[in-house]
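# Observations on the model geometry
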Amino acid sequence: MDVEHRQLVQLLPLLPLLAELGRTEHITETAELLGLPQSTVSRAIARASAIVGTELLIRDGRGVRLTPAAKTLLPHIEAALDEFQTGLDRVRHESEVVRGRIAVSFQHTFGEAMLPLLISAFRSRHPQTAFDLSQGARDGCLAELAEGSADVALTAPVAAPSKRIGSAALYREPLRLVVHHRHPLAGRRRVRVAEIRQEPFVAMGSGYGMRSLTDALFREAGFRPRIAFESQDSHTVRGLVSAGLGVSILPPGGSAPGRQLPSPGAGADDGGPGWVEIPLDSALAFREIGLAWREPVSRNAGADAEPDPVRLFRELVLRDGPALLAGFVRERSGG
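Let me begin by describing the structure that accompanies this report. (Residues numbered from 1 in each chain as written. Predicted model: local features only at pLDDT ≥ 70, side-chain atom pairs only at ≥ 80, totals over all residues. Heavy atoms only, no water.)

### Concerning the sheet that holds strand S11 (residues 275-279)
Strand order in the open sheet formed by three strands is S10-S7-S11, with antiparallel pairing between adjacent strands. Edge positions in the open sheet fall to strand S10 (248-250) and S11, since each of these has one partner strand only. Ignoring strand direction, the axes of neighbouring strands in this sheet form an average angle of 40°. Looking at chain direction, strand S7 (residues 176-180) and S10 are connected through three bridges and run antiparallel. Residue Val178 lies in a different strand from S10, and its bridge partner there is Ser248. (Pairing = 2+ DSSP bridges. Helix = DSSP H or I, 4+ residues; strand = E, 2+ residues; numbered from the N terminus. Axes fitted to C-alpha atoms, helices over the stretch in contact; angles between N-to-C directions.)

### Here we look at the pattern of salt bridges
Under the criterion given, the structure shown has 14 salt bridges. A salt bridge links Arg125 to Asp320; the nearest nitrogen and oxygen atoms lie 3.0 Å apart. With Arg125 in the loop between helix H6 (114-123) and strand S4 (129-136) and Asp320 in helix H10 (residues 308-334), this pair connects stretches of sequence that are 195 residues apart. Note on Asp320: relative accessible area 22%, which makes it partly exposed. A network of salt bridges, in which partner residues are shared, links Arg125, Arg319 and Asp320. (Salt bridge = Lys/Arg side-chain N within 4 Å of Asp/Glu carboxyl O. Buried < 20%, exposed > 50% of the residue type's maximum accessible area, 1.4 Å probe, protein only.)

### Quick word on the pairing of S7
Among the five residues that make up S7, five are buried, leaving the element largely enclosed by the rest of the structure. By the bridge criterion, five bridges tie S7 to S11 in an arrangement that is antiparallel. In the strand pairing of S11, His180 is matched with Trp275.

### Notes on the sheet that holds strand S12 (residues 286-294)
Taken together, the five strands give an open sheet; going across it, the order is S4-S3-S5-S12-S6, and neighbouring strands pair in mixed fashion. Among the strands making up the open sheet, the edge pair consists of S4 and strand S6 (165-174). Sheet twist, expressed as the mean angle between neighbouring strand axes with direction ignored, is 20°. Docked against the sheet, H6 engages strand S3 (100-107), S4, strand S5 (152-155), S6 and S12, running at close to 170° with respect to S4. Against the sheet, helix H7 (residues 138-147) makes contact with S3, S4, S5, S6 and S12, and its axis sits at roughly 165° relative to S5, the strand it touches most. (Contact = heavy atoms within 4.5 Å.)

### Quick notes on the packing of helix H2 (residues 15-24) against helix H3 (residues 27-34)
For the pair H2 and H3, the least separation of the axes is 9 Å and the interaxial angle reads 130°. Viewed along their axes, H2 and H3 adopt a mutual orientation that is oblique. In terms of crossing hand, the pair formed by H2 and H3 is right-handed. Contacts between H2 and H3 pair Leu17, Glu20, Leu21, Arg23 and Thr24 from the former with Ile27, Glu29, Thr30, Leu33 and Leu34 from the latter. Residue classes in the contact of H2 with H3 are distributed as five nonpolar, two polar and three charged. (Parallel < 35°, antiparallel > 145°, perpendicular 65-115°, else oblique. Left-handed = near helix turned anticlockwise from the far one by under 90°. Nonpolar A, V, L, I, M, F, W, Y, C, P; charged D, E, K, R; others polar.)

### Here we look at the side chain of Arg138
Here Arg138 lies in helix H7. Buried Arg138, no salt bridge; nearest opposite-charge side chain is Asp139, N-O distance 4.1 Å. (Lys, Arg positive; Asp, Glu negative; His and termini not counted.)

### Quick look at H2
The element H2 is extensively covered by neighbouring structure, given that nine of its 10 residues are classed as buried. Among the residues making up H2, those that are buried are Leu15, Pro16, Leu17, Leu18, Ala19, Glu20, Leu21, Gly22 and Thr24.

Shown next as structure tokens:
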């Protein structure tokens, strides 16, 4: 192995670090982004300078700036990393078998049909991929994503994007007033939120996505609800409404047990359980459902790159999810 080849081999592992440093021009920030000690970054820069044969950084007060040599070298470093990433993506997409595990955190209401549809579509292409599922409140789902115990999260409302979290909306579904099938409002075509001002309200608990959405609806209507019960599960909420213990606001329940068609005079027993859904007259009466994921610390940092099945699952959900779920949304909304 000649000297130039040996130097190139020594320099290659340092390219992602140099690319990130070229973007930040800050040793501490580069170290934080890559999850490395600052001393490791400093030593790597010194080693790279020695291999290249010229200084790559100049101390400038408390900070640093790139030397002309580093500015000349940087576009070639980025081009090399981009070219390698393109080749890696091609190999991954052409691979017939994708193995691994995907950890998905999701809100309770997505487990009945939405998430199974997405997993089924993915497993039809990559049957050897396993899934770890965790369900809970929206705040808990996003906390699991941030701490790394979940790879992706399905939430409503959609998570706000940040430096470390990416997100995208998938679709919207309406929110409905849910009342006992013999409630005075049960036969109405539309209802204003203000009309349930005096009604006992069955709410989702704090931290749940539906709680933030209903709170916004009540703020718009100018009053606070009379909360009779708080629950951690939408099925329990419907059960309490079905027993005549209050009203609630939820996404469409489709053909869930206990649902009654709002047809006055049908002869149903006044004392029997059952609930109906009524469209709400409010521009805020919807929830937007989206996918959130952790952004790689560095686009070119191999240690922080997304696992292949996670990336493929995210791409499928973003590409095919809205169309795949359109029929599901229509079925639930049309009842």
